[in-house]
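Results of the structural survey
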Amino acid sequence: MKVIFMGTPDFSVPVLEALATHHDVICVYTQPPRPAGRGNKLVSSPVQQAAERLNIPVRTPVSLRKGNATQEFQDLQADVAIVCAYGLILPQGVLDAPKMGCINVHASLLPRWRGAAPIQRAIEAGDTQSGVTIMQMDAGLDTGDMLLKGVVPIDENTTAQVLHDALSKQGAELIIKVLENMPEPIKQPETGITYAEKIQKTEALIDWSLPAQQIKNKIMAFNPYPAAYFMLNGERIKVFNAQVEEIEINAAAGEVLDNTLLIACGNNTALRLTQLQREGKKRMSASDLLKGFELKKGSTI
RNA sequence: CGCGGGGUAGAGCAGUCCGGUAGCUUGCCAGGCUCAUAACCUGGAGGUCGUGAGGUUCAAAUCCCACCCCCGCAA
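For clarity, every value in this text was computed on a predicted model and none was experimentally measured. (Residues numbered from 1 in each chain as written. Chains lettered and ligands numbered in written order. Predicted model: local features only at pLDDT ≥ 70, side-chain atom pairs only at ≥ 80, totals over all residues. Heavy atoms only, no water.)

1. Thoughts on the packing of helix α1 (residues 13-22) against helix α6 (residues 160-180)
Condition: Between the N-to-C directions of two axes lies an angle of 0 to 180 degrees, each axis being a line fitted to C-alpha atoms and, for a helix, fitted only over the stretch in contact. The secondary structure listing takes helices from DSSP runs of H or I that are at least 4 residues long and strands from runs of E that are at least 2 residues long, numbered from the N terminus. Take the far helix as your reference; a near helix turned counterclockwise from it by less than a right angle gives a left-handed crossing, and one turned clockwise gives a right-handed crossing. Note on definitions: a residue-residue contact is assigned when non-hydrogen atoms from the two residues lie within 4.5 Å. Ten residue types, Ala, Val, Leu, Ile, Met, Phe, Trp, Tyr, Cys and Pro, are classed as nonpolar, four, Asp, Glu, Lys and Arg, as charged, and the remainder, Gly among them, as polar.
One way to put it is that α1 packs onto α6 with a least axis distance of 8 Å and a crossing angle of 35°. Seen from above, α1 lies across α6 with right-handed handedness. Across the interface between the two elements, P14, V15, A18, L19 and H22 from α1 touch S168, G171, A172, I175, I176 and L179 from α6. In terms of residue class, the contact of α1 with α6 is built from eight nonpolar, three polar and no charged.

Written as structure tokens, this is what we have:
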């Protein structure tokens, strides 16, 4: 099958790789290289790097609406286009161009968590499961008919990174299945629709007045990026892992309850911080952090 | 040339400004003590202070030069 792949971040790479081994990927669309990281050097997207490794032609239009981008897309005469976290709106002329249309790999169990940050929002909301939905694209935001779903459980150890990797892997498997044997499209339910707003850095500051479980969910959802944090002596300290402590406490939110980073949260709950990172330092366990860093019982963060 | 922090015993840090061969916490080993407390006490091992048969100096972890690696911010 002649396939066009459209994607940008790490998440999309396994999907591209799977397609490349099973089909004829004739062209890859991805976001253009952007200044990133220390030094602001121009960095091409993970998908572009993978495509170059696979010797697949790459296109990096800034928009598909401008110029003759749509025409050039149509000229490829593909059988299908697979879209996975591409980052650009596809005009109708693009959606209709391939014989089988455009098929999207989305990292949630639709219609829950349509939109930009489904992985993080699922964990943050305390969902017990997430998954991948393969769907036929239409003009709406993740509103197309569903072709195949796969479920991935979320437990107390599931970080966004872990879920990201699991969903990415599963997306790669499912897209191959769909192309092998096209399932009947199913309309998305009218109920249970939620939207996964893009993650803002301002959300990452921990509010200790919230219940411990909610804070824990945010910590897991924001690991590794942008990482939940609190401020101490003007220093930003990121928290990458924590454990809800099953005890009744009576202390002001943010109070340090012992010498091993048990912190008072809202509703008389408590959270034990277990993995943190100081500015300029590596991520480390609470016990390591405390060997060279004073944060004693009774103080408040 | 985007801004900035850091590389010192297994681990986490101090010491660097005001040069004089290294210290704290923890871990480890040995012994003791304890109902219990990340328990406590005593003794011990463990470091070419990122690299350079570099520069300065009587003397460099500390000052100068070059390079390598890690990380934070911003994007």
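2. Comments concerning the protein's contact with RNA strand B
The condition is simple: Near residues are defined by distance, with any heavy atom within 4 Å of the molecule or strand qualifying the residue. Pairs of N or O atoms within 3.5 Å make up the polar contacts considered here, provided that, within protein, one atom can donate a hydrogen while the other can accept it, and that residues adjacent in sequence are counted only when both atoms are side-chain atoms.
The environment of RNA strand B is made up of 20 residues, and the closest members are G37, G39, K201, K282 and D288. At 3.2 Å, a backbone N or O of G37 approaches a base nitrogen of RNA strand B. One nitrogen or oxygen atom from the main chain of G292 is found 3.3 Å from a sugar or linking oxygen belonging to RNA strand B. For the surface near RNA strand B, the elements supplying multiple residues, two or more each, are β3 (34-36) and α8 (286-291). With three residues, α8 is the single largest residue contributor to the surface near RNA strand B. Residues belonging to the surface near RNA strand B are distributed by class as follows: four nonpolar, eight polar and eight charged.

3. Points about the pattern of salt bridges
A side chain of one charge can pair with a side chain of the opposite charge when the charged atoms of the two come close. Formally: Salt bridge, as applied in this entry: a Lys or Arg side-chain nitrogen positioned within 4 Å of an Asp or Glu carboxyl oxygen. Remark: exposure states derive from per-residue accessible area (1.4 Å probe, protein chains only) relative to the maximum for the residue type, with buried under 20%, exposed over 50%, and partly exposed in between.
In this structure the tally under the stated criterion is 11 salt bridges. Residue K99 pairs with D79 through a salt bridge whose shortest N-O separation is 3.3 Å. On the criterion of sequence distance, the pair formed by K99 in the loop between α4 (92-95) and β7 (102-106) and D79 in the loop between α3 (69-75) and β6 (80-84) is long-range, its members being 20 residues apart. Look at K99 and you get exposed, because its relative accessible area is 68%.

4. With respect to the domain arrangement of chain A
Worth spelling out the cut-off: Here the bounds of each domain stem from an automatic or database domain assignment. As a working definition, buried area equals the accessible area (1.4 Å probe) given up by two parts on being put together, with both sides summed.
According to the domain assignment, chain A contains domain 1 (2-196) and domain 2 (201-290). One C-alpha centre belongs to domain 1, the other to domain 2; they are set 33 Å apart. Across the boundary between the two partners, domain 1 contributes 12 residues, which contact 11 residues of domain 2. For the pairing of domain 1 and domain 2, the buried interface totals around 900 Å² over both sides, and the portion due to carbon and sulfur atoms is 50%. At the boundary of domain 1 and domain 2, one finds one salt bridge. E203 serves as the salt-bridge partner of R121, at 2.8 Å between the closest nitrogen and oxygen. For the interface between domain 1 and domain 2, the tally reads six residue pairs in polar contact (both at pLDDT 80 or more). Where the side of domain 1 that touches domain 2 is concerned, the elements lending two or more residues are α5 (118-124) and α6. Ranked by residue count, the leading element in the side of domain 1 that touches domain 2 is α5, at four residues.

5. Let's talk about the packing of α1 against helix α2 (residues 46-53)
Quick reminder of the rule: For classification, angles of less than 35 degrees are called roughly parallel, those exceeding 145 degrees roughly antiparallel, those between 65 and 115 degrees roughly perpendicular, and all remaining angles oblique.
Viewed as axis vectors pointing N to C, α1 and α2 meet at an angle of 25°, and their least axial separation amounts to 9 Å. With respect to α2, the axis of α1 lies roughly parallel. α2 is crossed by α1, and the crossing has right-handed handedness. Taken together, the residues of α2 that come into contact with α1 (itself represented by V13, L16 and E17) are P46, V47, A50, A51 and R53. Its residues assigned to classes, the contact of α1 with α2 comprises six nonpolar, no polar and two charged.

6. Quick notes on the sheet that holds strand β2 (residues 24-29)
The condition that has to hold: At least two bridges found by DSSP between two strands are what make those strands a pair.
In spatial order, the strands read β5-β2-β1-β6-β7-β9-β10; together these seven strands make up an open sheet with mixed pairing. Bordering the open sheet on either side are β5 (58-59) and β10 (146-153), each of which pairs with just one other strand. Of the pairings in the sheet, the one linking strand β1 (residues 2-7) to β2 comprises five bridges and is parallel in character. What sits directly across from I4, in β2, is C27.

7. Thoughts on the layout of surface pockets
To find leftover empty space, one rolls a probe the size of a water molecule over the atoms. Worth spelling out the cut-off: Using a 1 Å grid laid over the protein atoms alone, points where a 1.4 Å probe fits but cannot get out form a cavity; open sets with protein on both sides within 12 Å along at least 5 of 7 lines form a pocket; any residue with an atom within 4 Å of a point counts as lining. Grid points are joined across faces, edges and corners, and a volume is the space filled by probe spheres set on the points.
The space that makes up the largest pocket amounts to roughly 1,700 Å³. Surrounding the largest pocket, 48 residues form its lining, P9, A85, Y86, G87 and A116 being those nearest its centre. Built from parts of two domains, the lining of the largest pocket gets at least three residues from each of domain 1 (2-196) and domain 2 (201-290). In this model, the second largest pocket occupies a volume close to 190 Å³. Lining the second largest pocket are 14 residues, with D155, E156, Q213, K216 and N217 sitting closest to its centre.

8. Looking at the environment of A107
Mapped onto the fold, A107 is located in the loop between β7 and β8 (114-115). Along the primary structure A107 and G171 are separated by 64 residues, whereas in three dimensions their C-alpha atoms are 7.9 Å apart.

9. Quick word on the pairing of β2
Put simply, the rule is: Viewed with both strands pointing away, a crossover whose connecting path from the first strand over the helix to the second turns clockwise is right-handed.
Counting buried residues along β2, five of its six residues qualify, which places the element largely inside the surrounding structure. Traced from β1 through α1 to β2, the parallel crossover comes out right-handed. Sheet topology places β2 next to β5; two bridges connect them, and they run parallel. Bridging across to β5, V28 finds its partner in V58.

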